[in-house]
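Listed below, chain by chain, are the residues.
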Amino acid sequence: MNQPARHELYVLDDGEKPVEVAEDTKIPNAATIKIVKQDHTLGNMLRAQLLSMPQVIFAGYKVPHPLHPYFEIKLQTDGTATPQEVLEQACTKLIGTLATLETKFKREFSYKDVESGGATTGAGGTAPGQPGGEDPYGTGAGASGGWGRGRDYLDF
């Protein structure tokens, strides 16, 4: 089979650089950045974060081939900052956004534990001694958790 071993998709080889930057000679304030051992997950998040920044004129990414574990970001700025600086700022903001999301996610589930009386759930996902337990999505009739009172995932 031509599929690479799983560890080759995320473990850097000895001496392998995780990020390579190539300045574009034809377009001013542009660069192509190759990020190895990553895929669409990080590529799309970085592209979206870059496009939300006012210094960025163009940001796009591509995965040249699905069997090669890397993607390339093409980035052009307005000249107030270099593509490398803007990428570093975008990464910092993205890390902050993901940390905030993790905090809110954990806080929401801690509220759910408090609202249900702190009962721990068994292996089947139901509270011990309660047949059927609570609807985990809060969509069923009689849902009593934090999600069941007209709240949804956008209420973070």
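In this text, all values refer to a predicted model and were calculated from it rather than measured experimentally.

## Focus on the overall build of the protein chain
Here comes step 1: Along its length, the protein chain carries 2 helices and 4 strands.
Here comes step 2: Each helix and strand of the protein chain, placed in order from N terminus to C terminus, yields the pattern β-β-α-β-β-α.
Here comes step 3: The long-range fraction of contacts in the protein chain, counting pairs at least 24 apart against all pairs at least 6 apart in sequence, stands at 52%.
Here comes step 4: On the protein chain, roughly 10700 Å² of surface is accessible, and the fraction owed to carbon and sulfur atoms is 56%.

## Some points on the sheet that holds strand β1 (residues 19-23)
Here comes step 1: Read across the open sheet, the 4 strands follow the order β1-β2-β4-β3; overall the sheet is antiparallel. Two strands lie at the open edges of the sheet, namely β1 and β3 (56-62), each paired on one side alone. Pairs of neighbouring strands in the sheet enclose a mean axial angle of 20 degrees, with direction left out of account.
Here comes step 2: In this sheet, strand β2 (residues 30-36) lies alongside β1 in antiparallel orientation, the contact comprising 5 bridges. When the bridges of β2 are listed, alanine 22 appears paired with threonine 32.

## Some thoughts on the confidence of the model for the protein chain
Here comes step 1: When pLDDT is averaged along the protein chain, the result is 81, and 74% of the positions lie at 70 or above.
Here comes step 2: Per-element confidence in the protein chain is highest for β3, whose mean pLDDT is 97, and lowest for helix α2 (residues 83-115), whose mean pLDDT is 90.

## A short note on a nonpolar patch on the surface
Here comes step 1: Where nonpolar side chains cluster on the molecular surface, the patch consists of Leu9, Tyr10 and Val11 and spans about 280 Å² of accessible area.
Here comes step 2: In this fold, valine 11 is placed in the segment before β1.
Here comes step 3: Classification of valine 11 by relative accessible area gives partly exposed; the value is 37%.

## Concerning α2
For an α-helix, the turn length of 3.6 residues means that residues three or four places apart are oriented alike.
Here comes step 1: Taking 1.5 Å per residue, 33 residues should reach 48 Å; α2 reaches 48 Å between its end C-alpha atoms and fits that length.
Here comes step 2: Looking only at α2, the buried set comprises Pro83, Val86, Leu87, Ala90, Leu94, Glu108 and Lys112.
Here comes step 3: Where the residues of α2 are buried, they touch β2, α1 (40-51), β3 and β4 (70-77).

## Things to note about the nonpolar core
Here comes step 1: Judged by nonpolar contacts, the single largest core of 15 residues is most densely connected at Leu46, Leu50, Val56, Ile73, Leu75 and Leu87.
Here comes step 2: Elements that contribute at least two residues to this core include exactly β2, α1, β3, β4 and α2.
Here comes step 3: By residue number, the principal contributor to this core is α2, which donates 4 residues.
Here comes step 4: Setting aside anything within four residues of it in sequence, one finds valine 56 in contact with Leu50, Leu75, Gln76, Thr77 and Val86.

How each quantity is defined
Residues numbered from 1 in each chain as written. Predicted model: local features only at pLDDT ≥ 70, side-chain atom pairs only at ≥ 80, totals over all residues. Heavy atoms only, no water. Helix = DSSP H or I, 4+ residues; strand = E, 2+ residues; numbered from the N terminus. Contact = heavy atoms within 4.5 Å. Areas by Shrake-Rupley, 256 points an atom, 1.4 Å probe, with all protein chains shown as cover. Pairing = 2+ DSSP bridges. Axes fitted to C-alpha atoms, helices over the stretch in contact; angles between N-to-C directions. pLDDT = per-residue confidence, 0-100. Patch = residues over 30% accessible without salt bridge, like charges linked within 9 Å, V, L, I, M, F, W, Y side chains within 5 Å. Salt bridge = Lys/Arg side-chain N within 4 Å of Asp/Glu carboxyl O. Buried < 20%, exposed > 50% of the residue type's maximum accessible area, 1.4 Å probe, protein only. Expected span 1.5 Å × (residues − 1). Core = buried A, V, L, I, M, F, W, Y, C linked by side-chain atoms within 4.5 Å.

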